[in-house]
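Results of the structural survey
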Amino acid sequence: LFKEGDAWKQRLKPLMTRFNPQAVAMGEAHVQSVIEEHLQGWRGGRAGSDLFAEVTALGLRIALVTGYNLDPDDRHVKEFGETLVAYKASTMNPDARRRLDEFSLDWRKARDLPRVSLAFYEFHRHVRRLDALVREIARRRPWADPAREGWFQSLTGAGLEGSALTNELNHLYGAFTAADYTTACALGELAHAPAWMEKLRGAEADRAATLVLKETSRRYPVAMVIYRELGEPLDIGGETFPAGTLVMALPYALHHDPAWWERPTEFDPGRWERGVGERAEAAYEPFLKGPRRCIGQDFAQQQMRVVLTSIFRRF
C-alpha cells in the first residue's frame, strides 16, 4: 500500500500475473473445488454460530490453497494460517483503547498507553512467529500443487526474502479478508431478502450474485477512508491544491449521498438492473480507479460470487 518507485514495482510485477483476468478465469474451477470441500463440513454440522468466523475460515482455506498455493493440511501451513488470522483480528480489536488507528497525542489518551503498548507487543509477536513460519515453509515447500505457482512462489521468485517477504505475504492476507467482510455482509443482508435468496438458487444465480455483491460493496465499502498524495497540482472549484497535498476519498460518503442515490440506506440489488445513472456510477468506488486500484478486484469478485452461489445451492 505504501511503497513507491522500484520497491512498489518489485512487489506488483510478480503478483499481476496471478491477478490478471485470464489467470482468474482459469482458476475458477480450482476455487470452486476448495469451496465445495469446505461446505461439506457445514452440511456435516461442523459450522459454528458466528457468521463472520465461518466465512473467515472458508476464506482462509481459499487463500492458502488457491492464493499462496500451500497444502492446508501441512502442520506449518496450518499454523501460518492461524497466525495470519490472529494478526488480522488484532487489528480489528473492538476496544478503542487498544486500537492503534485510534491512538493520538491528545493528553487524554495517555491513560491508554499501557493498552496500546500491549497491542504493539502482540503485533510484533505475531510478526516474529510469521517470520519463523515463512522461513520454514520456504525451506520445506509444502505446495498444494507443485505444477502451479502461487503468491508465495511469485514473491520469492522476485527476490523477496526475510521480513520483506513476510510483510508482503501478511499484507496479501489482510487485503484478501476484504472479500470475507463483503461476503459476510451480503449473507447478513440476504437473511432479510428471501426473494434474492431464491434468485441465487435459480438458473441465473451468477447474475443475481453479481448484483447482490455490487450492492453489498456500495452499502458496506471495505475502506471508509482512503488517503492519496497528489503527484501534480489539482484544480477543484477554482482552488488549486499543490503537488504533495494529502487528500482523502470517502467511499462510504460517496456511496450514501442522497444527491446521487435513491434510498441510499436501503439494500436493493435491483437498482443495478434498473440503472443508477452516470453520476452514481462515477461515485461508486469499492475498488478505486487508476494505477493504484485494487489489483485483486477480479479474484475477489470471483471468489465472492462462487461462495454465494455454492452456499445457496446447498442451504
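The model shown is predicted, which means the values in this text are computed figures rather than measured ones. (Residues numbered from 1 in each chain as written. Predicted model: local features only at pLDDT ≥ 70, side-chain atom pairs only at ≥ 80, totals over all residues. Heavy atoms only, no water.)

1. Regarding the packing of helix α8 (residues 162–190) against helix α10 (residues 205–219)
Counted only if it meets this: All axes here are fitted lines through C-alpha atoms, helices being fitted over the stretch that makes contact, and every angle between N-to-C directions spans 0 to 180 degrees. To qualify as a helix, a DSSP run of H or I must reach at least 4 residues; to qualify as a strand, a run of E must reach at least 2; elements of each kind are numbered from the N terminus. Put simply, angles under 35 degrees are roughly parallel, angles over 145 are roughly antiparallel, angles from 65 to 115 are roughly perpendicular, and the rest are oblique. Here, residues are in contact when the closest pair of their heavy atoms is within 4.5 Å. In this classification, the charged set is Asp, Glu, Lys and Arg, the nonpolar set is Ala, Val, Leu, Ile, Met, Phe, Trp, Tyr, Cys and Pro, and all remaining amino acids, among them Gly, are polar.
Across the interface, α8 lies against α10 with an axial gap of 9 Å and an inter-helix angle of 105°. Between α8 and α10, the angle falls in the class roughly perpendicular. For the pair formed by α8 and α10, the contact residues are Thr182, Cys185, Ala186, Glu189 and Leu190 on the first element and Val212, Leu213, Thr216, Ser217 and Arg219 on the second. Of the residues contributing to the contact of α8 with α10, the split by class is 5 nonpolar, 3 polar and 2 charged.

2. As for the packing of aromatic side chains
The condition that has to hold: Stacked, tilted and edge-to-face are the three classes applied to pairs of Phe, Tyr and Trp rings, where Trp contributes its six-membered ring and a pair requires centres within 6.5 Å; stacked means planes under 30 degrees apart, edge-to-face means over 60, and tilted covers the rest. We call a residue buried when its accessible area falls under 20% of the maximum for its residue type, exposed when it is over 50%, and partly exposed in between, using a 1.4 Å probe and counting protein chains only. Look at NZ for Lys and CZ for Arg. If either is within 6 Å of the ring centre and within 35 degrees of the ring normal, a charge sits over the ring.
What the rule picks out here adds up to 12 aromatic pairs. Ring geometry for Phe19 and Trp151: centres 5.8 Å apart, planes at 40°, overall tilted. Taken as a pair, Phe19 in helix α1 (residues 5–19) and Trp151 in helix α7 (residues 151–157) lie far apart in primary sequence, 132 residues in all. No difference in accessibility class separates Phe19 from Trp151, as the two residues are buried. Aromatic side chains Trp42 and Phe315 sit 6.1 Å apart centroid to centroid with 50° between the ring planes, which places their arrangement in the tilted category. A residue pair is termed long-range when its members are at least 10 positions apart, and Trp42 in helix α3 (residues 28–43) and Phe315 in the segment after α14 (297–314) qualify at 273 residues. When its relative accessible area of 17% is taken as the criterion, Trp42 is described as buried. Ring-pair connections join several aromatic residues into one group, and the members of that group are Phe19, Tyr68, Phe80, Trp151, Phe176 and Phe299. When the ring centre of Trp196 is taken as reference, the NZ or CZ atom of Lys199 above it lies at 3.9 Å. Taking the ring centre of Trp261 as reference, the NZ or CZ of Arg218 above it sits at 5.3 Å.

3. So, unusual backbone geometry
Backbone geometry places Arg263, a non-glycine residue, at a positive phi of 45°. Locating Arg263 in the fold gives a position in the loop between α11 (251–255) and α12 (271–274). Phi is positive for Leu288, which is not a glycine, with a value near 65°. Mapped onto the elements, Leu288 comes out in the loop between α13 (278–282) and α14.

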